[in-house]
2 protein chains.
Amino acid sequence: MLREARKKELKEKIFLQALQLFRDKGFEQVTVQEITATCGIGKGTFFNYFAKKEDILLYLGESQIELLQQSMEKHRNIDQPKKQILHVLDDLLHHFSSHSELMKLASMEIIKSASLAGKESKSVQQLHRQLASMINSAKQDGKLHSRWETDIIATAIVGVYFHTILSWTLLEAQYSTINESFRRQFDVVWEGIDHS
Amino acid sequence: MLREARKKELKEKIFLQALQLFRDKGFEQVTVQEITATCGIGKGTFFNYFAKKEDILLYLGESQIELLQQSMEKHRNIDQPKKQILHVLDDLLHHFSSHSELMKLASMEIIKSASLAGKESKSVQQLHRQLASMINSAKQDGKLHSRWETDIIATAIVGVYFHTILSWTLLEAQYSTINESFRRQFDVVWEGIDHS
DNA sequence: GTCATTTAATGACTACGGTCATAATAGGTT
DNA sequence: AACCTATTATGACCGTAGTCATTAAATGAC
């Protein structure tokens, strides 16, 4: 149906224009009026695509899922599960670092909406799911021996990852610092996971 | 000066009335009008004391500092630094648990404002400082031997603590679960800290 | 007590996020 | 084409956070 294609196209347009404006002027300084004017549509139309202004940031978080999948594809043939997961998460961290200001805001919104809704956001769920799938494969291929259930392992890793992101937003550190800190934390956690 | 006393008194009144209303109806459902009406003052007066409605939540976070100091006093004479710190942080967690809804919101605001301001909030700074002071005392008394600088140790512990808080807001878990998880994480970190 | 000055209180006003009833339009049906 | 229905666009409108010029009050000097 053409309808669907148009809808998605317009949503993408609103999303991209909004991001550009946010980058230029900062989230708070951009009004919904401004976004819609830039897109050549009426103000009300915005809210047909995003329930709240903040939802642009949630969508940004969700759009990282694509990146995640690309990265998993890229590192599909790495043998050691630890290395594989580390590479994937490092890709995410790296991307995060190159758009840090907006990504920080997006993280806040993801956490906030998750804590208000009492359930995890789409993007966190996805990360969890993809990690679980990597871990399961590794288990089945005999590359990982652990007494923990896959879900528990995935949760632990997501926890470390988010802790890293959070520290970053708080400490305003460089990518190299954060990455280093992440690796150290990951080492500790992995030691508890892998009983090979 | 009487001026100062009155000011503080009114700020406290606004703060307490606002908290009560937030608890009754939820943060979003309470208007500034309502808060000021309950206090018998004009709407504009609110903003002489708190720059934003959200700042009530930040103030709530800061008010935990008192609790922190009380707790440190209470456990001042515990010999082992590990036990001492664990007791203090457990007190904080426990208090957090008994006002969890508001404290979750407050945590979000603390993190948010910290990430926007690019620096840590008062409450986080205080926690860091007090931990550092405990650690330093322990070092000087020969009760703790570590190759790490005091600040690094304090940062690591604050990190674990905040990770715990964050997990809590995301997972909607019970106090006992969270507390258990915190102890485990703390054990791991402490192992890296203490080289006695 | 009176005047001057600093500080706090106030509510009309502004700007923006979000709603909603209505208008426009696309797709399908005959 | 003519009509009907479901979907999308729209901007007037509403409620509220936050501003600000003005008023009121407190403090201090003489």
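Calculation criteria
- Residues numbered from 1 in each chain as written.
- Chains lettered and ligands numbered in written order.
- Predicted model: local features only at pLDDT ≥ 70, side-chain atom pairs only at ≥ 80, totals over all residues.
- Heavy atoms only, no water.
- Helix = DSSP H or I, 4+ residues; strand = E, 2+ residues; numbered from the N terminus.
- Contact = heavy atoms within 4.5 Å.
- Phe/Tyr/Trp six-rings, centres within 6.5 Å; stacked < 30°, edge-to-face > 60°.
- Buried < 20%, exposed > 50% of the residue type's maximum accessible area, 1.4 Å probe, protein only.
- Lys NZ or Arg CZ within 6 Å of the ring centre and 35° of its normal.
- Domains from an automatic or database assignment.
- Buried area = accessible area lost by both parts, 1.4 Å probe.
- Salt bridge = Lys/Arg side-chain N within 4 Å of Asp/Glu carboxyl O.
- Polar contact = N/O pair within 3.5 Å; in protein donor to acceptor, adjacent residues only side chain to side chain.
- Nonpolar A, V, L, I, M, F, W, Y, C, P; charged D, E, K, R; others polar.
- Arc of directions from axis to C-beta.
- Expected span 1.5 Å × (residues − 1).
- Near = heavy atom within 4 Å.

Residues and elements named next belong to chain A. Looking at the secondary structure, you find I41 in the loop between α2 (32-39) and α3 (43-49). Distance in space between the C-alpha atoms of I41 and K52 is 17 Å, their sequence separation being 11 residues. Contacts of I41, omitting those with residues within four sequence positions, involve L10, I14 and T36.

Counting across every chain of the model gives 18 aromatic pairs over all chains. A ring pair is formed by F22 of chain A and F27 of chain A, whose centres lie 4.8 Å apart and whose planes are at 65 degrees; its orientation type is edge-to-face. Under the relative-accessibility criterion, F22 of chain A is labelled buried at 3%. Ring centres of F15 of chain B and Y59 of chain B lie 4.7 Å apart, and the angle between their planes is 80 degrees; this geometry places the pair in the edge-to-face category. Taken as a pair, F15 of chain B in helix α1 (residues 2-25) and Y59 of chain B in helix α4 (residues 55-74) lie far apart in primary sequence, 44 residues in all. Owing to a relative accessible area of 4%, F15 of chain B belongs among the buried residues under this scheme. One aromatic cluster is present, built from ring pairs that chain together F15, F46, F47, F50 and Y59 of chain A. In this arrangement the basic side chain of K11 of chain A is found over the ring face of F50 of chain A, its NZ or CZ atom lying 5.0 Å from the centre.

Moving on, we come to the domain arrangement of chain A. Residues and elements named next belong to chain A. Per the domain assignment, the segments making up chain A are domain 1 (1-53) and domain 2 (54-193). With 14 residues of domain 1 in contact, the opposing surface of domain 2 contributes 10 residues. Contact between domain 1 and domain 2 buries roughly 1,100 Å² in total, counting both sides, with carbon and sulfur atoms accounting for 76%. Seen at the junction of domain 1 and domain 2, the total is zero salt bridges. Summed over the shared surface of domain 1 and domain 2, the number is five residue pairs in polar contact (both at pLDDT 80 or more). No other element matches helix α1 (residues 2-25), which puts eight residues into the side of domain 1 that touches domain 2. Looking at side-chain class alone, the side of domain 1 that touches domain 2 contains nine nonpolar, no polar and five charged residues.

Among all positions in helix α2 (residues 32-39) of chain B, only V32, I35, T36 and C39 of chain B are buried. Projection of α2 of chain B onto a plane perpendicular to its axis shows the buried side chains occupying an angular sector of 90 degrees, all on one side.

Here we come to helix α9 (residues 175-193) of chain B. An α-helical turn contains 3.6 residues, so a residue and the one three or four places further along point in the same direction. All names here are of chain B. Between its terminal C-alpha atoms α9 stretches 26 Å, which fits the 27 Å expected from 19 residues at 1.5 Å a residue. Turning to α9, its buried residues are I178, N179, F182, F186, W190 and I193. For α9, the buried positions fall inside an angular range of 95 degrees around the axis, keeping them on one side. Opposite the buried face of α9, at more than 90 degrees from it, the exposed residues are R184 and E191.

This part takes up the protein's contact with DNA strand D. In the neighbourhood of DNA strand D, 19 residues make up the surrounding shell, with K7, G42 and Y49 of chain A together with K43 and K53 of chain B lying closest. K53 of chain B places a main-chain nitrogen or oxygen 2.8 Å from a phosphate oxygen of DNA strand D. Looking at the surface near DNA strand D, the elements with two or more residues in it are α1 and α3 of chain A together with α1 and α3 (43-49) of chain B. Ranked by the residues each element gives to the surface near DNA strand D, the list is headed by α3 of chain A, at four residues. Here the residues of the surface near DNA strand D sort into seven nonpolar, five polar and seven charged.

Let us now look at the protein's contact with DNA strand C. The immediate surroundings of DNA strand C are formed by 19 residues, with K43 and K53 of chain A together with K7, G42 and T45 of chain B found nearest. Across the atoms of DNA strand C situated within 4 Å of the protein, the share located in sugar and phosphate is 55%. Sorting the residues of the surface near DNA strand C by element identifies α1 and α3 of chain A together with α1 and α3 of chain B as the ones contributing at least two each.

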